[in-house]
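What the coordinates show
Take a look at the letters that make up each chain.
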Amino acid sequence: MTSSTPPSGPRPPKIRLFSRSSWPQARHLADVLRTETVGGVLLLSGAVIALIWANSPWSDSYTRLGDVVPWPGAPWHLDLNLATWAADGLLAIFFFVVGLELKREFVAGDLRDPRRAALPIAAALGGMLLPAVIYVTVVLSEGGEGLRGWAIPTATDIAFALAVLAVVSSHLPQGLRAFLLTLAVVDDLFAITIIAIFYTADFHPVPLLAALAPIALFAVLVQRGRTWWWALIPLAIAAWTLMHASGVHATVAGVLLGFTVPVLARRPAGGDQPVAASAEAGEGGLAARLEHRWRPVSAGFAVPIFALFAAGVTLRGTDLGALLSDPIVIAIVAALVFGKSIGIFGSTYLLARFTRAELDEDITWADLLGIALLAGVGFTVSLLIGDLAFGAGSTADDRVKAAVLLGSVISAGLAATVLSRRNAAYRRVAERERLDADGDGVPDVYQHPDAR
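Owing to the predicted nature of the structure, the values given are computational and were not obtained by experimental measurement.

Rules behind the numbers
- Residues numbered from 1 in each chain as written.
- Predicted model: local features only at pLDDT ≥ 70, side-chain atom pairs only at ≥ 80, totals over all residues.
- Heavy atoms only, no water.
- Helix = DSSP H or I, 4+ residues; strand = E, 2+ residues; numbered from the N terminus.
- Buried < 20%, exposed > 50% of the residue type's maximum accessible area, 1.4 Å probe, protein only.
- Areas by Shrake-Rupley, 256 points an atom, 1.4 Å probe, with all protein chains shown as cover.
- Axes fitted to C-alpha atoms, helices over the stretch in contact; angles between N-to-C directions.
- Parallel < 35°, antiparallel > 145°, perpendicular 65-115°, else oblique.
- Left-handed = near helix turned anticlockwise from the far one by under 90°.
- Contact = heavy atoms within 4.5 Å.
- Patch = residues over 30% accessible without salt bridge, like charges linked within 9 Å, V, L, I, M, F, W, Y side chains within 5 Å.
- Salt bridge = Lys/Arg side-chain N within 4 Å of Asp/Glu carboxyl O.
- Core = buried A, V, L, I, M, F, W, Y, C linked by side-chain atoms within 4.5 Å.
- Expected span 1.5 Å × (residues − 1).
- Bend = angle between axes of the 7 residues up to and from the residue.
- Polar contact = N/O pair within 3.5 Å; in protein donor to acceptor, adjacent residues only side chain to side chain.
- Nonpolar A, V, L, I, M, F, W, Y, C, P; charged D, E, K, R; others polar.
- Phe/Tyr/Trp six-rings, centres within 6.5 Å; stacked < 30°, edge-to-face > 60°.
- Lys, Arg positive; Asp, Glu negative; His and termini not counted.

**What about the overall build of the protein?**
- Secondary structure assignment for the protein yields 18 helices and two strands.
- The buried share among the 452 residues of the protein stands at 53%.
- When the accessible surface of the protein is split by element, carbon and sulfur atoms take 65% of a total near 20600 Å².

Right under this line is the structure:
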């Protein structure tokens, strides 16, 4: 009787979830998070001002400000009030930056590696599907009124989430910070897809086809490295205007324009061929330069102004008992708090179970739970979808605003509680990730990944 022995050879390396990325990617991530954290503080300030103003004796002035139409009678349906300009116009800048970041992630970031991309994509899907299921289930159990808002609790607001982290002084390991940012980026991609498909009213194909012309010209210029502001900005405005006239939400134009920008740096020897895809090449590309220029505008101006106009829900004279028992409010709060956390945590756990992946040595499942709870902070895109689903200023829209704010605050509080318990461990990891014993400008853990 003969016995067979298993073939010898090197075993494939185990998949490490939430492991550190490369040093260029970590440096880019630090720059992004720094800007978004400041933007998150401004966003929170705008939301707080809106809430106080809308519930003050001067609440009528808040409503009148949002209703001001700067140029009445404008063509192409551009006679919009200030609140709509904030949602449709300023958020186009936000989604342009999202488009730049998405393309960078797919070309030179973590999403270009299928092994690293599987985790944030699976987590984002789980964090969108389960909240939608919870929302639909709750609303159907109460008669089905408000089903159109099923996508409201599916989005994560990275700026709001980072503001929470800044408040609790949580020094998350680089792997967890990268996961949170990539999760939010993938989340935004799904959200804008949902907006384009499910929240398009009065569709007009001719303006949509016409919008492809300025987008194509924009693409030709940026692909050739021509960054003439006097040409690119008018083309972007034309694309936005035609997209708005088509009935598709105008912010989709921002994402499409962002997708056209090249990510990889070109070879210095006068050639038109980009260098090989890598985080270093992504740092020198046009997408990185435009993102560096426009992200502060998005985080520091566009999103806070949108929050100022969008978050002002009036609670004076409101029956709080009736508000909190409203099916739409219950559905959104439950979806943000439970749907997001269980969806992200559960999908990540299942991925680890079926791929036999292991957590990075510095990460625990409690850390992931904190991040999953933090992802329940939905604000910018959630409020935008609420406007699209029920109409800005409607009774249902006011309930959506109250529910999004309540669900986000509960999620933020639970996340802060979970993450703050591990702050001492996070600080030790952060110190190792900053240690540069040889003084070459690159922390030692990125030169020697096994250094602990």
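**Here we look at the packing of helix H4 (residues 114–141) against helix H6 (residues 174–198)**
- Where H4 contacts H6, the two axes come as close as 9 Å, and the packing angle between them is 55 degrees. When the interaxial angle is binned, H4 and H6 end up oblique. With respect to the hand of their crossing, H4 and H6 are arranged in right-handed fashion. Mapping the contact onto sequence places Leu119, Pro120, Ile121, Ala123, Ala124, Leu125 and Met128 in H4 and Phe179, Thr182, Leu183, Val186, Asp187, Phe190, Ala191 and Ile194 in H6.

**Re a nonpolar patch on the surface**
- Where nonpolar side chains cluster on the molecular surface, the patch consists of Leu315, Leu320, Leu324, Leu406, Ile410 and Leu414 and spans about 480 Å² of accessible area.
- Mapped by element, the contributors of at least two residues to the nonpolar patch are helix H12 (320–324) and helix H16 (395–420).
- Within the secondary structure, isoleucine 410 sits in helix H16.
- A relative accessible area of 34% means that isoleucine 410 is categorised as partly exposed.

**Concerning the pattern of salt bridges**
- For the coordinates displayed, the defined rule picks out eight salt bridges.
- Between arginine 295 and glutamate 291 there is a salt bridge; the shortest N-O distance is 2.4 Å. In this pair, arginine 295 and glutamate 291 both sit in helix H11 (residues 286–310), four residues apart, roughly one turn of the helix. Both residues of the pair, arginine 295 and glutamate 291, count as buried.

**Side note on the nonpolar core**
- In this structure, Phe18, Phe179, Ile332 and Phe379 are the most contacted members of the largest nonpolar core, which totals 122 residues.
- The dominant element in this core, judged by the number of residues it contributes, is H6, at 13 residues.

**Some thoughts on helix H3 (residues 82–107)**
- The end-to-end C-alpha distance of H3 is 37 Å, a good match for the 38 Å that 26 residues give at a rise of 1.5 Å each.
- The sharpest bend along H3 comes to roughly 35 degrees, located at alanine 92.
- Burial within H3 is extensive, with 21 of its 26 residues counted as buried.
- Backbone nitrogen of alanine 83 and a side-chain oxygen of the N-cap are separated by 3.3 Å at the start of H3; the cap is asparagine 81.

**Regarding the environment of arginine 20**
- By secondary structure assignment, the location of arginine 20 is in the loop between strand E1 (16–17) and helix H1 (23–54).
- The spacing of arginine 20 and glutamate 433 is 413 residues in sequence and 9.5 Å in space, taken between C-alpha atoms.

**A few points about the packing of H3 against helix H15 (residues 380–390)**
- For the pair H3 and H15, interaxial distance at closest approach is 12 Å and the crossing angle is 145 degrees. For the crossing formed where H3 meets H15, the hand is left-handed. Here Ala87, Leu91, Phe94 and Phe95 of H3 lie close against H15, whose contacting residues are Thr380, Val381 and Leu384.
- Each residue belonging to the contact of H3 with H15 can be placed in one class, and the counts come to six nonpolar, one polar and no charged.

**A few points about the packing of aromatic side chains**
- Counting across every chain of the model gives eight aromatic pairs.
- With centroids separated by 5.3 Å and ring planes inclined at 20 degrees, the aromatic side chains of tryptophan 85 and tryptophan 240 adopt a geometry described as stacked. With tryptophan 85 in helix H3 and tryptophan 240 in helix H8 (residues 229–246), this pair connects stretches of sequence that are 155 residues apart.
- Take tryptophan 85: its relative accessible area is 19%, and that puts it in the buried class.

**Brief notes about the side chain of aspartate 188**
- Looking at where aspartate 188 falls in the secondary structure, it is placed in helix H6.
- One buried charged side chain, aspartate 188, makes no salt bridge at all; its nearest oppositely charged neighbour is arginine 295, positioned 7.9 Å away.
- Leaving out residues up to four positions away in the same chain, aspartate 188 has contacts with Phe94, Val98, Thr156 and Val381.

**Re the environment of phenylalanine 390**
- Structurally, phenylalanine 390 is set in helix H15.
- For the pair phenylalanine 390 and valine 400, spaced ten residues apart in sequence, the C-alpha separation works out to 8.9 Å.
- Not counting residues within four places of it along the chain, the set of residues in contact with phenylalanine 390 comprises Tyr135, Gly146, Gly149, Ile152, Ile328, Ala396, Asp397 and Val400.

**Some details on the environment of methionine 128**
- On the secondary structure map, methionine 128 appears in helix H4.
- On the basis of relative accessibility, which here comes to 7%, the residue methionine 128 falls in the buried class.
- As for methionine 128 and alanine 335, which are separated by 207 residues in sequence, their C-alpha atoms are 9.3 Å apart.
- Look past the residues within four positions of methionine 128 in its chain and what remains in contact with it is Thr154, Asp187, Phe190, Ala191, Ile194 and Lys340.

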